[in-house]
4 protein chains.
Amino acid sequence: MSTGGTIEKTYDAFSGVLQNRVSVLDVMLGSLELRGIVIDRLALMNKDSLDMTPDDHALIAETAQREARTHDGVVVVHGTDRLARSGDATLALGVPPVPVVFTGAMRPFELRTTDALQNLTEALLAVQLTAPGVYVVMHGQALAFPGVEKDPRAGTFIKR
Amino acid sequence: MSTGGTIEKTYDAFSGVLQNRVSVLDVMLGSLELRGIVIDRLALMNKDSLDMTPDDHALIAETAQREARTHDGVVVVHGTDRLARSGDATLALGVPPVPVVFTGAMRPFELRTTDALQNLTEALLAVQLTAPGVYVVMHGQALAFPGVEKDPRAGTFIKR
Amino acid sequence: MSTGGTIEKTYDAFSGVLQNRVSVLDVMLGSLELRGIVIDRLALMNKDSLDMTPDDHALIAETAQREARTHDGVVVVHGTDRLARSGDATLALGVPPVPVVFTGAMRPFELRTTDALQNLTEALLAVQLTAPGVYVVMHGQALAFPGVEKDPRAGTFIKR
Amino acid sequence: MSTGGTIEKTYDAFSGVLQNRVSVLDVMLGSLELRGIVIDRLALMNKDSLDMTPDDHALIAETAQREARTHDGVVVVHGTDRLARSGDATLALGVPPVPVVFTGAMRPFELRTTDALQNLTEALLAVQLTAPGVYVVMHGQALAFPGVEKDPRAGTFIKR
């Protein structure tokens, strides 16, 4: 399930800026070797999370919970700036029946050096190995909600 | 802990072949963003696993078990052809007190398209999330020994 | 000689935008294999060419002409939007004694897919093979000033 | 026109070696931005040049000369070990009416770090800028036959 964020930003040579226009998630998935996993792709929105409204966070939480009832796990690709808000909103609806794993990136996949593929790789594995709950998984760690927040200076997530 | 294998093969422009000469594990680790993980590197050997002797497998198993007594987890980078043999040997010494995760690659890190970084990323996360035991982790799945073997035609590992 | 432009833009994970802060020209040069070439690097400015003033164009032209008197060729890395203006200014000072080759990129070197390395590679070779004059070299072609302009829709340079 | 060589070697995960099986030249050309150039592709052979016979060198020379009569330039992708032999054979048939540029690579395109794209980029530009003749173009230099040979220790070509 993809919602946009830095991880999916692409470069427009005409305007010279990075924007959320096309989902690059399919390209990323295509570059990974994944055995024994069937992925249903759901493109919910494609937004910089700084532009997300309360309705967006509610929609993400409800959709994650709904998908959790019919899948073995849910991975949500999300902008990091408001990721914790969507994670908290998801958990506020109750502990989901399977793991719901949020992930994102500090540097877009389009860049030569990026944490996007690493974080997606980790999320796809963590969703198979963790107990039911809501998590952010990136940068080599899996943190369970509640109490998760972005540390903008360190450029990653921490537990309060 | 590194033992060699395809994942670490480098290209020698003089002879034109891929060989196990230099450990590229440090380069791979340097390209990942890892938070809250301290890694002790142990370069045990640098062999194509097809060249491993029974003594090599025994040494790998004993070293993995020994390191498992003083760390929260052990990742073993290993050639895929004889990986299952080292995994079986490790488990034959008993269930280790922490996860011991074997990983490798079908295509060297030196190649433009490779599963090396994906597999190392997965191993480093799985070692934090799995129960004590011996595993192979690559291609989006974590398989517990015993009963693991390489499927050479599919180019991955399966459970018997 | 570098002046900035898209080719040198780097990504700032904190603000999430691409900017001209650090010259990546040294990284690009380090990734090429160049035999029999000695390069004197001159970091003149690091500007998006849309921000260049008439004084900037004059400074670039004068510096290129000055360096042309003491080198076998001069390569100027420049933003594409105002590259033609600097090229015209250089030729307005007279045909230089050696080739002066302007180059740039439509997509920054920092991106996974970029024309930056291709264009720099071409510029470094063209400066050895062309007659004295002022050129823009990128995208597989060498165009001699005057009469060169950027075609923003095609994303390249053309001869009027 | 492609003949094989290191530049085109691909990795076979089953056997674990680099071989000349598929021409990767189309992938390389697709990754470059080339304006105002029309390329006719001719896949003559796909051989490690160490395996080339005198007949192979003769065929390459004759084909290059034939294509030179109907094109503005000819680029020949060739293994570096016997490249000079094919270059000498081409010139022995006479100075061609347009530039014939040989190029190759010390490290296959399939590798993460490779000189393949740089050399192909240079060859495609040099063939537009040089006088009629036979050349090897790679590593930032264009060397005219006769008198060109590979320096295996330096990993490049030199003029005797």
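Residues numbered from 1 in each chain as written. Chains lettered and ligands numbered in written order. Predicted model: local features only at pLDDT ≥ 70, side-chain atom pairs only at ≥ 80, totals over all residues. Heavy atoms only, no water.

Asks: What should I look at first to understand the interface of chain D and chain C in this one?
Replies: Often the size quoted for an interface is simply the accessible area lost on bringing the parts together. Contact residues are listed per partner, giving 23 residues for chain D and 22 residues for chain C. Of the roughly 1900 Å² buried between chain D and chain C on both sides combined, carbon and sulfur atoms contribute 59%. When the buried area of chain D at its contact with chain C is split by residue, Glu33(D), Arg35(D) and Leu125(D) rank highest and sum to 33% of it. Counting the contacts that link chain D with chain C gives zero salt bridges. (Contact = heavy atoms within 4.5 Å. Buried area = accessible area lost by both parts, 1.4 Å probe. Salt bridge = Lys/Arg side-chain N within 4 Å of Asp/Glu carboxyl O.)

Asks: Whenever I open this one, the arrangement of the chains confuses me. Can you help?
Replies: Separated without contact, chain B and chain C have their nearest C-alpha atoms at a distance of 12 Å. At the C-alpha level, the nearest point of chain A lies 12 Å from chain D, with no contact between them.

Asks: What is the right way to read the packing of helix α2 (residues 54-68) of chain D against helix α3 (residues 83-92) of chain D from this model?
Replies: When two helices pack together, their arrangement is captured by the angle between the axes and the distance separating the axes. Residue and element names in this part refer to chain D. Close contact between α2 and α3 brings their axes to 8 Å; oriented N to C, the two are set at 50 degrees. Considered as vectors, α2 and α3 are oriented oblique to each other. Between α2 and α3 lies a crossing of right-handed hand. Counted together, His 57, Ile 60, Ala 61, Ala 64 and Gln 65 of α2 and Arg 85, Ser 86, Ala 89 and Thr 90 of α3 form the full contact between these two elements. Tallied by class, the residues present in the contact of α2 with α3 amount to four nonpolar, four polar and one charged. (Axes fitted to C-alpha atoms, helices over the stretch in contact; angles between N-to-C directions. Helix = DSSP H or I, 4+ residues; strand = E, 2+ residues; numbered from the N terminus. Parallel < 35°, antiparallel > 145°, perpendicular 65-115°, else oblique. Left-handed = near helix turned anticlockwise from the far one by under 90°. Nonpolar A, V, L, I, M, F, W, Y, C, P; charged D, E, K, R; others polar.)

Asks: I would appreciate a short explanation of the packing of aromatic side chains in the present structure.
Replies: Where two aromatic rings form a pair, the distance of their centres and the angle of their planes describe that pair. Overall, the coordinates contain four aromatic pairs over all chains when judged by the stated rule. Here Phe102(C) and Phe145(C) contribute two aromatic rings whose centre-to-centre distance is 6.4 Å and whose plane-to-plane angle is 65 degrees, an arrangement assigned as edge-to-face. Here Phe145(C) lies in the loop between β8 (141-144) and β9 (148-151) and Phe102(C) lies in strand β6 (residues 99-103), a separation of 43 residues in the sequence. By relative accessible area, which is 7% here, Phe145(C) ends up buried. Above the plane of the ring of Phe109(B) lies Arg112(D), whose end atom (NZ or CZ) is 3.9 Å from the centre. (Phe/Tyr/Trp six-rings, centres within 6.5 Å; stacked < 30°, edge-to-face > 60°. Buried < 20%, exposed > 50% of the residue type's maximum accessible area, 1.4 Å probe, protein only. Lys NZ or Arg CZ within 6 Å of the ring centre and 35° of its normal.)

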